[in-house]
Amino acid sequence: MKRIGVLALRRLAQSVPVLLIILIGLFLLLQLAPGDTVDALLAQMGGGDAAVAAQLRRDYGLDVSVPVQLGRYLVRLLSFDLGMSAIYGKPVASVIFERLAVTALFMSCALAFAFSAGLVLGVLAARRVNGWPDTLISTLGLVFYAIPSFWLGLMLIVLFSVKLAWLPPGGFESIGEGLTGMAHVLDVAQHLVLPILSLSLIFLAIYLRLMRASMLEVMTLDFVRTARAKGLSEGHVLRRHVLRNALLPMVTFVGLQFSTMLGGSVVVESVFSLPGLGRLAFESVVQRDLNTLLGIVLVSAVLVIVVNFIVDLLYAKLDPRIVAR
Amino acid sequence: MTTHHAGLGAPLDAAPLLALRHVSVRLPKGADREFALRDVSLQVAAGEIVCVVGESGSGKSLTAMAILGLLPGRVTLAGGAIELEGEDLAGLPPARLRGIRGARIGMVFQEPMTALNPLMPVGRQVEEMLEEHTDQPREQRLARVQALLAEVGIPDPVAAARAYPHELSGGQRQRAMIAMALALEPRLLIADEPTTALDVTTQARILALVKNIQRRRGTGVLFITHDFGVVAEIADRVVVMQHGQVVETGPVQQVLYAPQHPYTQALIAAVPPLAPPQRPVAEPGPAVLAVSGLRKTYRSGGILARKRVVEAVRGVDFTLHQGETLGIVGESGSGKSTVARMLVRLLAADAGSIHLQGEDLLALNARDFRARTQRIQMVFQDPFASLNPRRRVGDIIAQGLRVHGMPRAAAEAKVVEMLALVGLDPGAIRRFPHEFSGGQRQRIGLARALAMQPTVLVADEPVSALDVSVQAQVLALLAEAKQRLALSLVFITHDLRVAAQVCDRILVMQRGLVVEAGETATLFAAPRHPYTRALLASVPGRGWQPGAGAASPPRAE
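Residues numbered from 1 in each chain as written. Chains lettered and ligands numbered in written order. Predicted model: local features only at pLDDT ≥ 70, side-chain atom pairs only at ≥ 80, totals over all residues.

## Examining the overall build of chain B
Then comes step 1: Each helix and strand counted, chain B has 19 helices and 20 strands in total.
Then comes step 2: Against the 2.2 N^0.38 benchmark of 24 Å for 557 residues, chain B shows a C-alpha radius of gyration of 25 Å, consistent with a compact globule.
Then comes step 3: Within chain B, the fraction of its 557 residues that count as buried is 48%.
Then comes step 4: Residue pairs in contact within chain B that sit at least 24 positions apart in sequence constitute 71% of those at least 6 positions apart. (Helix = DSSP H or I, 4+ residues; strand = E, 2+ residues; numbered from the N terminus. Rg over C-alpha atoms; globule rule 2.2 N^0.38 Å. Buried ≥ 20, exposed ≤ 12 C-beta atoms within 10 Å, placed from the backbone. Contact = placed C-beta atoms within 7 Å.)

## Quick word on the overall build of chain A
Then comes step 1: Within chain A, the secondary structure is distributed over 12 helices and 0 strands.
Then comes step 2: The N-to-C order of helical and strand elements in chain A reads α-α-α-α-α-α-α-α-α-α-α-α.
Then comes step 3: Viewed in the frame of its principal axes, chain A has a C-alpha envelope of about 85 × 55 × 35 Å.
Then comes step 4: Of all 325 residues assigned to chain A, the portion counted as buried reaches 30%.
Then comes step 5: In chain A, the share of contacts with a sequence separation of at least 24, taken over all contacts with a separation of at least 6, comes to 71%.

## Quick notes on the domain arrangement of chain B
Then comes step 1: As far as domains go, chain B holds domain 1 (1-98 + 222-267) and domain 2 (289-538).
Then comes step 2: Taking only C-alpha atoms into account, the centre of domain 1 of chain B sits 38 Å from that of domain 2 of chain B. (Domains from an automatic or database assignment.)

## Things to note about the environment of Leu523 of chain B
Then comes step 1: With respect to the helices, strands and loops of the structure, Leu523 of chain B is situated in helix H18 (residues 520-525).
Then comes step 2: In contact with Leu523 of chain B, other than residues within four places in its own chain, are Ile506, Glu516, Gly518 and Thr532 of chain B.

## Observations concerning the packing of helix H6 (residues 170-182) of chain B against helix H7 (residues 200-217) of chain B
Residue and element names in this part refer to chain B.
Then comes step 1: Closest axis-to-axis distance for the H6/H7 pair is 10 Å, and the angle between their directions is 15°. Considering the angle they form, H6 stands roughly parallel to H7. Like other packed secondary-structure pairs, H6 and H7 cross with a definite hand, here right-handed. Across the interface between the two elements, Gly170, Gly171, Gln174, Arg175, Ile178 and Leu182 of H6 pack against Thr202, Arg205, Ile206, Leu209 and Ile213 of H7. (Axes fitted to C-alpha atoms, helices over the stretch in contact; angles between N-to-C directions. Parallel < 35°, antiparallel > 145°, perpendicular 65-115°, else oblique. Left-handed = near helix turned anticlockwise from the far one by under 90°.)

## Side note on the nonpolar core
Then comes step 1: Within the largest apolar cluster, 214 residues are counted, with the highest numbers of intra-cluster contacts made by Ala176, Leu222 and Val490 of chain B.
Then comes step 2: At 16 residues, the largest contribution of residues to this core is made by helix H8 (residues 181-219) of chain A.
Then comes step 3: Formed by 12 residues, the second largest nonpolar core is a distinct cluster that contains Val92, Leu280, Leu290 and Leu294 of chain A. (Core = buried A, V, L, I, M, F, W, Y, C linked by C-beta atoms within 7 Å.)

## A word on the sheet that holds strand E10 (residues 245-251) of chain B
Through backbone hydrogen bonds, the strands of a sheet pair up, either in parallel or in antiparallel fashion.
Residue and element names in this part refer to chain B.
Then comes step 1: Spatially, E6-E7-E8-E3-E9-E10 is the arrangement adopted by the 6 strands of the open sheet, whose pairing is mixed. Of all strands in the sheet, those bounded by a partner on one side alone are strand E6 (105-108) and E10. If you compare each strand with its neighbour and ignore which way they point, the axes differ by 15° on average.
Then comes step 2: Pairing analysis gives 6 bridges linking strand E9 (residues 237-242) to E10, with the strands arranged antiparallel. Across the sheet, Met241 pairs through a bridge with Val246, a residue of E10. (Pairing = 2+ DSSP bridges.)

## Examining the interface of chain B and chain A
Then comes step 1: Each side of the interface is counted separately: chain B has 27 residues, and chain A has 23 residues.
Then comes step 2: Where the side of chain B that touches chain A is concerned, the elements lending two or more residues are helix H2 (94-100) and helix H3 (122-133) of chain B.
Then comes step 3: Looking at the side of chain B that touches chain A element by element, the count peaks at 4 residues for H3 of chain B.

## Overview of the domain arrangement of chain A
Residue and element names in this part refer to chain A.
Then comes step 1: The domains assigned to chain A are domain 1 (2-78) and domain 2 (93-318).
Then comes step 2: The centre of domain 1, based on its C-alpha atoms, is set 33 Å off from the matching centre of domain 2.
Then comes step 3: Each side of the interface is counted separately: domain 1 has 12 residues, and domain 2 has 12 residues.
Then comes step 4: Contributions of two or more residues to the side of domain 1 that touches domain 2 are made by helix H1 (2-32) and helix H2 (37-45).
Then comes step 5: Considering every element that reaches the side of domain 1 that touches domain 2, the biggest residue donor is H1, with 10 residues.
Then comes step 6: Here the side of domain 1 that touches domain 2 is composed, by residue class, of 9 nonpolar, 2 polar and 1 charged. (Nonpolar A, V, L, I, M, F, W, Y, C, P; charged D, E, K, R; others polar.)

## What about the environment of Leu159 of chain A?
All names here are of chain A.
Then comes step 1: On the secondary structure map, Leu159 appears in helix H7 (residues 149-163).
Then comes step 2: Using a count of 13 C-beta atoms within 10 Å as the deciding quantity, one classes Leu159 as partly exposed.
Then comes step 3: For the pair formed by Leu159 and Ala13, sequence separation is 146 residues and the distance between their alpha carbons is 49 Å.

## Observations concerning the pairing of strand E13 (residues 325-329) of chain B
Within a regular strand, the side chains alternate between the two sheet faces.
Residue and element names in this part refer to chain B.
Then comes step 1: E13 sits mainly inside the fold: 5 of its 5 residues count as buried.
Then comes step 2: Residues Thr325, Gly327 and Val329 line one face of E13 and the alternating positions Leu326 and Ile328 line the opposite face, and both faces are buried.
Then comes step 3: As judged from the 5 bridges shared by E13 and strand E18 (residues 488-493), these two strands associate in the parallel manner. Bridged to Thr325 within E18 is Leu489.
Then comes step 4: In this sheet, strand E19 (residues 505-510) lies alongside E13 in parallel orientation, the contact comprising 4 bridges. From the neighbouring strand, Ile328 faces E19, where its bridge partner is Leu507.

This is the structure we're talking about:
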């Protein structure tokens, strides 16, 4: 455990500069864009004279040099102050926070489903390599991989919500019914089934291919031959020796793929009108709500860093050869 | 009728422990031959060590897998009986076979690093045997694991049981592997090249352990090896295999000193004798390569990481004279390969100087050094990994010449000339490395290095990955090329037999230092340093002089 503790501290120390680079990069990008918040505000107010603009710039702290602005920006971030959203008229932090829970639930369910289903199907396919289960699973995987998630989402709505009327077509929960306790949980789950399916199938297909290849690779290794020579049953060989070794590349890949998945949620949340971060990002782009957009990018970056941090620790837990270096 | 060939010490009326009778193994359709094993018959009695010897492709490992019922997919048993204590394993259902594997047949594999699960503590892997085959409660199993690890000579069994494979040395891992195989006191132990991946001193200790176990427990051992030295060290009886067939079998003395079959004779003839041949006493030529104070320390880590420092080479000096072969011998971690790499500047030396014909190579900048690379070339160990698989052989050999500005036509002519020199057909130019055997690839590697017409050739374990008969051919070729092209050779090897035959002088390295240096004959006859003595004492089969009764061995000098 000491090994993992040391590793955790080191990884944390390493993510501080990463975060700093992202923050500064974001801030400078904002500086590069022509015009500033005041220009945007004035445009929304229908124009104004130079004196008003200067006054506004003083109010927003835009009249000082860029490094000072950067310093103030970083200090503000330390107190979770992401500025005001021009569209919602609220602090960006609270706008994002309201949406974060939805996205976090949605993403973790989709990730868990893609990972576990991909793992199980990959194992099944590898156990009967080139047999009919493998052919079936691999073909299915290819189909999942080939379907774009927005189209899949629409088709799922058409089938399950419109034709069969089994599941709601969108939203996070039924509005105005005041459900509590178990009923509320079930209600949210019903709303999330279709979005999770449409986001996760593509990733399921990737994980399944990866797990299958990884299992096949590990099964050729010497220690698996040793395990068989020890007289272990095939089930024990797979569970105790193959599976954990085959999981290593999967775990790495989840960390790498997480940001792609976050990107995918923008589309799916929009299709299913889920009030999450992805949809917020989409709306902020359309409405030119720069502060909110920056906040979202920042939160996403932090999310990706956190997930990769967890993945690193998980990997170290799985593989005793990883030392803190 | 079954007892005629039973081993020494086996009761005459008892059935042998293991008997293979006319076993054939069929390869899948479309393979280069129909049978991997044909009509293989052999026996192992209790308390007897039977060595199966053969080169790669002889089917010796497949024989072991056939006994265990672990033939790879689509490779099938085509006939014959595999009797363990009178019971035919060939017809048993998989579940019954699983009960026999591990419990009645213990198995030890070649590469102890890869043969153990890297993610499971060693003790747990040993315990698994007991868990699978017995009803012992956990405390009893754990106590047994400790006892087993202690029995195979692991110094701290409690710590070793908790350790992961990568935390143990190669020798410790192989001991753990043996402990695992012995967990259920099997009557038969199958060991497939168990010492091939180990250093020579470690190998000697593991061989002693196997022999000890066989004596103490009366275990029958089927020991698979390619090394006649190991055979001489450990075998009671010998089975020689070639192309999936048994060509000769008999007591060890008979096979080693009076081999009957031409293949056995050829194999034994190809084993380099440990005694250095008589060399004409010649004035040493002028020094071509003078190395002094060479150092290399590997450091890893940085600002955010823990620093790890390994002093690989700690001050090495030597001089190579014109026309001489200088051997550098040592075990893994001795720094010998690091020295080789520094000589051709594949690694940057930390300190010291390398004077090639009076010019300090280490003082040159990268561009000036590149101009000198023609004069010092290297041949690598692994003929499979050291040639780019996507390039044609002709391009591989010509590349160096072209880089140094030779016109295309001249380079191509040179390639043909070099291929002829190493005994390959000019048609090889258009082919890819994977189309050649290991020995042929090593010839290609040699042709590539020689095409540059170097003054000094650095050969890093050039024959270690090759079968013994191929090894003899490549060594002979190297000797011939050296003569024809007036080369001076730095020859790095862990194999003292090869060193004895090839080298004029030898440096013995241990932990980054040269502990002894001298004329080959002197060094072998009167080693001064304790480490040199330990190395020489560990050479398997050192008491056996190959060639007595067989054709005279090829000389490479």
